[in-house]
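Inside the fold
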Amino acid sequence: MLRLLEDKRTENAFYNENTAVHLYSMEELCFFMETNMYLIDPSWVGEELFGWLERELGRAKLAADLRVLLRTKRDVFACAELIFSESGLYAKQEMEQIRTMLEQMKGRTKMERRKMSGDLFLDEGRYRQAAYIYLELLEEPYARQMTEELRGNICHNLGVVYARLFFFPEAAECFAKAYALRKNPDSRNAYLYAMNYVEDDDTLKESGMELNFSVMRDALAHLTETAEQPEYYLDRKSASAAAAACDWKSAQESLISGWISDYRRMM
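Residues numbered from 1 in each chain as written. Predicted model: local features only at pLDDT ≥ 70, side-chain atom pairs only at ≥ 80, totals over all residues. Heavy atoms only, no water.

**Focus: the pattern of salt bridges**
Inspection of the entire model under this criterion finds 12 salt bridges. With a shortest N-O distance of 2.9 Å, Lys61 and Asp65 are connected by a salt bridge. Residue Lys61 and its partner Asp65 are located together in helix H3 (residues 60-73), separated by four residues, close to a single helical turn. Here Lys61 falls in the exposed class, since its relative accessible area comes to 63%. Here Asp65 falls in the partly exposed class, since its relative accessible area comes to 32%. As a salt-bridge pair, Glu96 and Arg99 come within 3.0 Å of each other at their nearest N and O atoms. You can see Glu96 and its partner Arg99 sitting in helix H5 (residues 92-105), three residues apart, about one turn around the helix. (Salt bridge = Lys/Arg side-chain N within 4 Å of Asp/Glu carboxyl O. Helix = DSSP H or I, 4+ residues; strand = E, 2+ residues; numbered from the N terminus. Buried < 20%, exposed > 50% of the residue type's maximum accessible area, 1.4 Å probe, protein only.)

This is the structure:
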């Protein structure tokens, strides 16, 4: 979504050591908060931020309201919601989505909030941003600190990102890992779907997937039902052509390298 930015831009940035980001306007503050909701905590939502809003942006009333809100409710997410609301940058529907996300993040760990941010990007079709988060969370030391169920959920959602970018072998691998961790039929079915677009079936043999007669019967029924739709053939032909024309390993390395470069520039 494109926005016309018209708010005051100050010469003195808001800077917090925990985020290491310089922000010069209300638009920049809201964009940072929207894309990094998992970072919202008392370490930077406090007097330093409120003073900057009052002193540099001339938002004295907003700063006063934030001080009262934090003192009475001690809720940094309520403060964030007020900042979003008073910025004037968001339509009613967008604010409802933000309120829902902020409410869901209350009481969650930082890693859980981080994954929720990735899920939001995935729902919005912002696959690069979602991939940044999922790949980061699957690295050490984060992976050691989370439950197998949470790690399985992250693997599954990363598989969805790959599948929507036509990286079906990588998607199948992620779905297989997700199923191994949480034994969720959704991951198994997603794996079978992704493998439908992969010519080499070695992944199927080595995945350790529980593929008994009942599972394969259900998969066949699903594929038969799907195949009755004419558009399915066009979709599969297009996907297969994209898969066949792509050097997966090189393309994956290039894509991930681009993600990392973009992520570093954002930070």
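**Some points on the nonpolar core**
Leu29, Ile40, Trp44, Leu49, Leu53, Ile83 and Phe84 are the most contacted members of the largest nonpolar core, which has 39 residues in total. Ranked by the residues each element gives to this core, the list is headed by helix H4 (residues 76-87), at eight residues. Excluding residues that lie within four positions of it along the chain, Ile83 makes contacts with Met26, Leu29, Cys30, Met33, Leu49, Leu53 and Leu66. In terms of nonpolar packing, the next biggest core, distinct from the first, is built from 30 residues, Phe121, Tyr134, Val161 and Ala190 among them. (Core = buried A, V, L, I, M, F, W, Y, C linked by side-chain atoms within 4.5 Å. Contact = heavy atoms within 4.5 Å.)

**Some details on the packing of helix H10 (residues 168-182) against helix H11 (residues 185-195)**
The relative placement of two packed helices is expressed as an angle between their axes plus a distance between the axes. Relative to each other, H10 and H11 sit at 160°, their axes nearing to 8 Å. By the criterion of interaxial angle, the relationship of H10 to H11 is roughly antiparallel. H10 and H11 meet at a crossing whose hand is left-handed. Two secondary-structure elements touch here, H10 through Phe168, Ala171, Ala172, Phe175, Ala176, Ala178, Tyr179 and Arg182 and H11 through Ser187, Arg188, Ala190, Tyr191, Ala194 and Met195. Its residues placed into classes, the contact of H10 with H11 shows 11 nonpolar, one polar and two charged. (Axes fitted to C-alpha atoms, helices over the stretch in contact; angles between N-to-C directions. Parallel < 35°, antiparallel > 145°, perpendicular 65-115°, else oblique. Left-handed = near helix turned anticlockwise from the far one by under 90°. Nonpolar A, V, L, I, M, F, W, Y, C, P; charged D, E, K, R; others polar.)

**A closer look at H3**
The first and last C-alpha atoms of H3 sit 20 Å apart over 14 residues, in line with the 20 Å expected at 1.5 Å per residue. In this structure, the buried side of H3 is in contact with helix H1 (26-35), helix H2 (47-57) and H4. After H3 finishes, the residue Arg74 shows a positive phi value of roughly 50°. (Expected span 1.5 Å × (residues − 1).)

**Considerations on unusual backbone geometry**
Residues other than glycine seldom take positive phi values, yet Arg74 does so here, at roughly 50°. In this structure, Phe166 is a non-glycine residue whose phi angle is positive, near 70°. Residue Phe166 is classed as partly exposed on the basis of its relative accessible area of 38%.

**Section: the packing of helix H7 (residues 127-137) against helix H9 (residues 148-164)**
Relative orientation of the contacting elements H7 and H9 amounts to 145°, with a least axis distance of 10 Å. Seen from above, H7 lies across H9 with left-handed handedness. Between H7 and H9, the contacting residues are Tyr127, Ala130, Ala131, Tyr134, Leu135 and Leu137 on the first element and Ile154, Asn157, Leu158, Val161, Tyr162 and Arg164 on the second. Here the residues of the contact of H7 with H9 sort into 10 nonpolar, one polar and one charged.

**Section: the packing of aromatic side chains**
Per the counting criterion, the structure on display carries six aromatic pairs. Between Phe32 and Trp44 the ring centres are 5.9 Å apart and the planes differ by 75°, which places this aromatic pair in the edge-to-face class. Placement of Phe32 in helix H1 and of Trp44 in the loop between H1 and H2 is noted, with a sequence separation of 12 residues between them. Since its relative accessible area comes to 7%, Phe32 is described here as buried. Taken together through their ring pairs, the aromatic side chains of Phe14, Phe32, Trp44 and Trp52 make up a single cluster. (Phe/Tyr/Trp six-rings, centres within 6.5 Å; stacked < 30°, edge-to-face > 60°.)

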